[in-house]
Amino acid sequence: MKAAANTEQAWLERMRAGKACFARGDLAGSARAFKSAIELRQDKAEGWINLGSTLLQGQQFADAASALKTAAALQPGLAITHMLLGDAQRLLGKTADALASYHRSVELERSPMGLNRLACALRADLQTAEAESLYREALELAPNMTIVRVNLATLHIEKRQFEEAQELLGSLSGARLPPPEREEVASANRAIAEHARLAPAITQLIDDGDYRPLEALLSDLPRDMRKVDTGALERARQYLDW
């Protein structure tokens, strides 16, 4: 009995050490501590989940997926496990597996973060109606979750619903956003501004066949938007050769 209590105490200490390392950004130390905890208690899903999360942060996606699959086998009813497994699978390029994991996570718990993850995966799979519905459900649960507003605004832009996108982005004005979200908002605002700038010339091209106004506007694109899609050029070259 005493030996079991000692093992449990040692496991808790190693888990606390892993979390402390993770909190200060020491991912290698965190992974070592969680692996050490797992050596004591391989039957506890929490150790595998924390190890998987740490490996995911360290971009060791295959090892993260393996750890999270073990956690899911030990305790299949935890939504967080399936959500993190979906992240690892998505980053490994296993789109169908990621979608299945995100769906399972949401079946277990309709949390705002889980709904957002599933919506993003569905949006990437061009299931836009389902994605929009999930984004809106997430916002109902967590109105201040800015990343969902950013993602929904981007979806509206992809659907050419610029007024709806602009309204969502406007609601973020003055909000303190993390750098990735700030960059996404700036990019979305640029896309809306460029649409407004180019739309009349595009209409003229469609109605009158006059390409000159659009050509002049495109030649005046901001420098950071003058990017060449080399893949598209290569496909065009192959088509011409054919």
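Before reading further, recall that the structure is shown in the block above.
Computed from a prediction, not measured in an experiment: that's the story for all the values here.

Below, the discussion takes up the nonpolar core. Counting 32 residues, the largest nonpolar core has Leu-118 and Tyr-135 as its most contacted members. Those residues in contact with Leu-118 that lie beyond four places of it in its chain are Leu-99, Tyr-102, His-103, Val-106 and Leu-134. One finds Ile-38, Ala-45, Phe-61 and Ala-65 within the second-largest nonpolar core, a separate group that totals 21 residues.

This part covers the layout of surface pockets. Estimated volume of the largest pocket: approximately 320 Å³. Lining the largest pocket are 14 residues, with Asp-87, Arg-90, Leu-91, Tyr-102 and Arg-117 sitting closest to its centre. For the lining of the largest pocket, the elements supplying multiple residues, two or more each, are α3 (45-57), α5 (79-91), α6 (95-108) and α7 (112-124). Of the residues belonging to the lining of the largest pocket, the class tally is eight nonpolar, three polar and three charged. The volume enclosed by the second largest pocket comes to roughly 190 Å³. In terms of lining residues, the second largest pocket is bounded by Met-113, Asn-116, Cys-120, Ile-147, Val-150, Asn-151, Pro-178, Pro-180, Glu-181 and Glu-184. Those elements giving two or more residues to the lining of the second largest pocket turn out to be α7, α9 (146-158) and α11 (179-208). Looking at the lining of the second largest pocket residue by residue, the class counts come to six nonpolar, two polar and two charged.

Between its terminal C-alpha atoms helix α4 (residues 61-74) stretches 20 Å, which fits the 20 Å expected from 14 residues at 1.5 Å a residue. Within the sequence span of α4, burial applies to Phe-61, Ala-64, Ala-65, Ala-67, Leu-68, Ala-71 and Ala-72. Down the axis of α4, the buried set is contained in an arc of 165 degrees. They therefore lie on one face. Buried residues along α4 sit against α3 and α5.

Turning to the environment of Gly-58, a few remarks are in order. Among the secondary structure elements, Gly-58 is positioned in the loop between α3 and α4. Here Gly-58 falls in the partly exposed class, since its relative accessible area comes to 32%.

Quick look at the packing of α9 against α11 now. Between α9 and α11, the shortest axis-to-axis distance is 10 Å and the interhelical angle comes to 25 degrees. The orientation of α9 relative to α11 falls into the category roughly parallel. For α9 against α11, the interelement crossing comes out left-handed. Contacts between α9 and α11 involve Thr-146, Ile-147, Val-150, Thr-154 and Ile-157 on the former and, on the latter, Glu-181, Glu-184, Val-185, Ala-188, Ala-191 and Ile-192. Split into classes, the residues belonging to the contact of α9 with α11 amount to seven nonpolar, two polar and two charged.

Conventions and cut-offs
Residues numbered from 1 in each chain as written. Predicted model: local features only at pLDDT ≥ 70, side-chain atom pairs only at ≥ 80, totals over all residues. Heavy atoms only, no water. Core = buried A, V, L, I, M, F, W, Y, C linked by side-chain atoms within 4.5 Å. Buried < 20%, exposed > 50% of the residue type's maximum accessible area, 1.4 Å probe, protein only. Contact = heavy atoms within 4.5 Å. 1 Å grid on protein atoms, 1.4 Å probe; cavity = no way out; pocket = protein on both sides within 12 Å on 5 of 7 lines; lining within 4 Å. Points joined across faces, edges and corners; volume = space filled by probe spheres on them. Helix = DSSP H or I, 4+ residues; strand = E, 2+ residues; numbered from the N terminus. Nonpolar A, V, L, I, M, F, W, Y, C, P; charged D, E, K, R; others polar. Expected span 1.5 Å × (residues − 1). Arc of directions from axis to C-beta. Axes fitted to C-alpha atoms, helices over the stretch in contact; angles between N-to-C directions. Parallel < 35°, antiparallel > 145°, perpendicular 65-115°, else oblique. Left-handed = near helix turned anticlockwise from the far one by under 90°.

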